[in-house]
Amino acid sequence: MNWRSPVIYLIFPYFLAVAIIYCFPNLQDNKISSEFLPLWLSYTSKILQDKTKSPTNLVSEISWQVSCYQQFLDKIGVIHPTVSVALHFNGQAEPCNIIIVKELLNDSNVLSTLRLLDKCPDWESQYFTDSFLTRLLHDLSSLACSIEDQHPGLHQFCDRGLKRTPILRDHRLLVPYKLTEDGPSYLPCHFHNASGYRLSSVSLLREWIQDMSCQQEDYTAGKTCRGHPTLELYAVPAGRHFMFAPKYIGEIIPLPHVPGADPTQPVNLEVLSVSPRVFDLVNFVSKQESEDLVERALAETRESYRLQRSTTGSNGREINRYRTSETAFDAAGETAMNIKRRSFAVLGMGNYIESYADGVQILRYRNGTAYQKHLDWIEPNTRSQHNYDSAGQGSNRFATLLLYMNDIEANQGGETVFANAWPLDVAETKRLSLEQAKSQLLESEFSNFLTQGSWEEDLAVWCRSRLAIRPKSARTVLFYSQLPDGQKDESSQHGACPVFNTTKVKYGVICWWSTESL
Ligand SMILES: O=C(O)CCC(=O)C(=O)O
Ligand SMILES: [Fe+2]
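Residues numbered from 1 in each chain as written. Chains lettered and ligands numbered in written order. Predicted model: local features only at pLDDT ≥ 70, side-chain atom pairs only at ≥ 80, totals over all residues. Heavy atoms only, no water.

Visitor: Could you clarify how one ought to interpret the coordination of the iron ion (ligand 2) in this entry?
Guide: Tetrahedral metal sites with four donors have an ideal angle of 109.5 degrees; octahedral sites with six donors have ideal angles of 90 or 180 degrees. Only His-374 (NE2), Asp-376 (OD) and His-494 (NE2) from the protein reach the iron ion (ligand 2) as donors, at distances of 2.1 Å. Read N to C, the donor residues that coordinate the iron ion (ligand 2) are spaced as H-x1-D-x117-H. Of this pair, Asp-376 sits in the loop between strand 15 (371-374) and strand 16 (397-404) while His-494 sits in strand 20 (residues 494-496); the two residues are 118 residues apart in sequence, bridging distant segments of the chain. (Donors = N, O, S within 2.8 Å, 3.2 Å for Na, K, Ca; no water. Helix = DSSP H or I, 4+ residues; strand = E, 2+ residues; numbered from the N terminus.)

Visitor: Looking at this structure, I do not really get the state of the cysteines. What am I missing?
Guide: Every disulfide links exactly two cysteines, by a covalent bond between their sulfur atoms. As enumerated under the stated definition, the model contains four disulfides in all. At a sulfur-sulfur separation of 2.1 Å, the disulfide partner of Cys-68 is Cys-120. Between Cys-68 and Cys-120 the sulfur-sulfur dihedral comes to about 80°; the bridge is accordingly right-handed. One end of the pair, Cys-68, is in helix 4 (residues 55-76); the other, Cys-120, is in the loop between helix 6 (107-114) and helix 7 (126-140), with 52 residues separating them in the sequence. For Cys-68, a relative accessible area of 0% puts it in the buried group. (Disulfide = S-S within 2.5 Å. Buried < 20%, exposed > 50% of the residue type's maximum accessible area, 1.4 Å probe, protein only.)

Visitor: I'm lost on the sheet that holds strand 17 (residues 416-418) in this one. Help?
Guide: Strand pairing within a sheet occurs via backbone hydrogen bonds; the two strands may be parallel or antiparallel. Taken in spatial order, the four strands line up as 15-20-17-18 in an open sheet, and their pairing is antiparallel. If you trace the sheet from one side to the other, it starts and ends with strand 15 and strand 18 (467-469), each paired once. Taking the axes of each pair of neighbouring strands and ignoring which way they run, one obtains an average angle of 15° across the sheet. Bridge count between strand 17 and strand 18: three bridges; the pairing is antiparallel. (Pairing = 2+ DSSP bridges. Axes fitted to C-alpha atoms, helices over the stretch in contact; angles between N-to-C directions.)

Visitor: How do you make sense of the pairing of strand 14 (residues 357-365) when you look at a structure like this?
Guide: Two faces, one strand: in a regular strand the side chains alternate between the faces of the sheet. Most of strand 14 is tucked away: eight of the nine residues are buried. In this sheet, strand 14 lies alongside strand 13 (residues 326-330) in antiparallel orientation, the contact comprising five bridges. Each bridged residue has a counterpart across the sheet, and for Ala-328 the counterpart in strand 14 is Ile-362.

Visitor: Please explain the packing of aromatic side chains as it appears in this structure.
Guide: Working definition: an aromatic ring pair is given by the centre-to-centre distance plus the angle between the planes. Applying the stated criterion across every chain, the model contains 17 aromatic pairs. Aromatic pair Phe-279 and Tyr-480: ring centres 6.5 Å apart, planes at 85°, arrangement edge-to-face. With Phe-279 in strand 9 (residues 278-282) and Tyr-480 in strand 19 (residues 476-480), this residue pair connects regions lying 201 residues apart in the sequence. The class of Phe-279 is buried, set by a relative accessible area of 0%. Each residue in the set Tyr-234, Phe-242, Phe-244, Phe-279, Phe-398 and Tyr-480 is aromatic and connected to the rest through ring pairs, giving one cluster. The ring of Phe-284 is capped by Arg-342, whose NZ or CZ atom sits 5.5 Å from the centre of that ring. (Phe/Tyr/Trp six-rings, centres within 6.5 Å; stacked < 30°, edge-to-face > 60°. Lys NZ or Arg CZ within 6 Å of the ring centre and 35° of its normal.)

Visitor: Can you help me understand the environment of His-386 in this one?
Guide: The residue His-386 is located in the loop between strand 15 and strand 16 in this model. Classification of His-386 as partly exposed rests on a relative accessible area of 36%. Spatially, the C-alpha atom of His-386 lies 9.4 Å from that of Asn-396, the residues being ten residues apart in sequence.

Visitor: Just to check I follow, could you spell out the pattern of salt bridges for this structure?
Guide: A pair can form between side chains of opposite charge whenever their charged atoms are brought close. Counted by the stated rule, this structure contains 14 salt bridges. Between Glu-289 and Arg-342 there is a salt bridge, with its nearest N and O atoms 2.4 Å apart. In this pair, Glu-289 sits in helix 11 (residues 287-299) while Arg-342 sits in helix 12 (residues 334-347), placing the two residues 53 residues apart along the sequence. Taken as a pair, Glu-289 and Arg-342 share a single burial class, namely buried. Arg-364 serves as the salt-bridge partner of Glu-326, at 3.0 Å between the closest nitrogen and oxygen. Linking Glu-326 in strand 13 with Arg-364 in strand 14, this pair joins segments that are 38 residues apart in sequence. Because the salt bridges share partners, they merge into one network encompassing Glu-326, Arg-364 and Arg-366. (Salt bridge = Lys/Arg side-chain N within 4 Å of Asp/Glu carboxyl O.)

Written out as structure tokens, the structure reads:
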């Protein structure tokens, strides 16, 4: 009998299905066999109809896919029917779609994704998990999570094309996926939870889902389930970094995975401004660490590292009359390295990579000194070969952490002012316009310290009108200089307000959106 005869198509899958259900009891535990059987029949018939493959190839293909599917079920476990995934574009507070997890991970979706693979993936591999999940989410979010009408689907968001994909150090490890067997390949997104923690395996996905679910005992004991059973998942395009998505001022984003200065207290982000994205980072650094850094900076004698008049510019050598503080660099001290590593953990940037960080700068502002409003994002210039186009393939400054070392009183200036954000403790109707702030300043004692018509005076006006963050020992502030797609964030303009009658010491870590050549 011809092995491809219709009789075989009909009978063979039945035998196979019965054998599979018998051999892999987990299929029965996890799924209802009556749902699985018809699906399996159509699936195997489809494979059998593939005339390009020999019977031995077909059998081996079916068998690895079945055992692979079984492994997947083992990893993912039993999913409570009410749990959903809220899928967000990187940095966006509103989800583009909410999908029931049972639907996302149903047999048909998982099997049709497996059909596109050559071999069973390692379900514990981070890069494979990215690829698998992007492919699954693509199908279920195609319209709502599209950035282009013509080619709807998550794939256009995750793979921004060669010209808009920075080549990060792990680029070669990414696992491209296909939408159809003979279609083109796409680079996958990587996924983070709302705390910025990266999804690294199917087992971790299981943990996150189970954390959200109401356990059966909770129902029977009549308990109210913890939280809303929705897992917030942020999709980050290939070559880009995760960015926090603040929802409202005052929101607290816990970072349970980051070790805090005080291990008994949690590390949290508290939203100070949504756009620009500015946060207080609570319990990030200890007073002891701050003191260590300053001690080292003061003891430093090497020319390029010691405390001296600050410079700016891409070559870092130009004295700038709009930045009158002093700066020292701590490139490799133990405390500086610990802080840099922790900064990467906070930002969801993974393991520390030296070339992605700009080093720790220690700044001292003596009486009367300040730093004019500016962006940390560096403008491209003809003197440098570097590609600063962070929205394309280039790299530029991405995020800055400011760590203050001393308390400064309300009348001593020295705040970090964000020109496009409003103060938190002033009602909307009571906000000061720049004109109002200027006349208040001129009437105040500070006008004696400031030269009339100087940039310092102008800056002090902004400091009275806009979000001005007062230094406090061990206070840490995080802000971004880019938007989630790598464009420079013009709204992140900020400056250091003139200091009156005191000295402000502060240090900062700047993280780059770095690219590495292959
Ligand atoms: O010192 C401050 O408050 C801000 C410093 C700053 O913006 C910078 O160093 O880029
Ligand atoms: Fe700055």
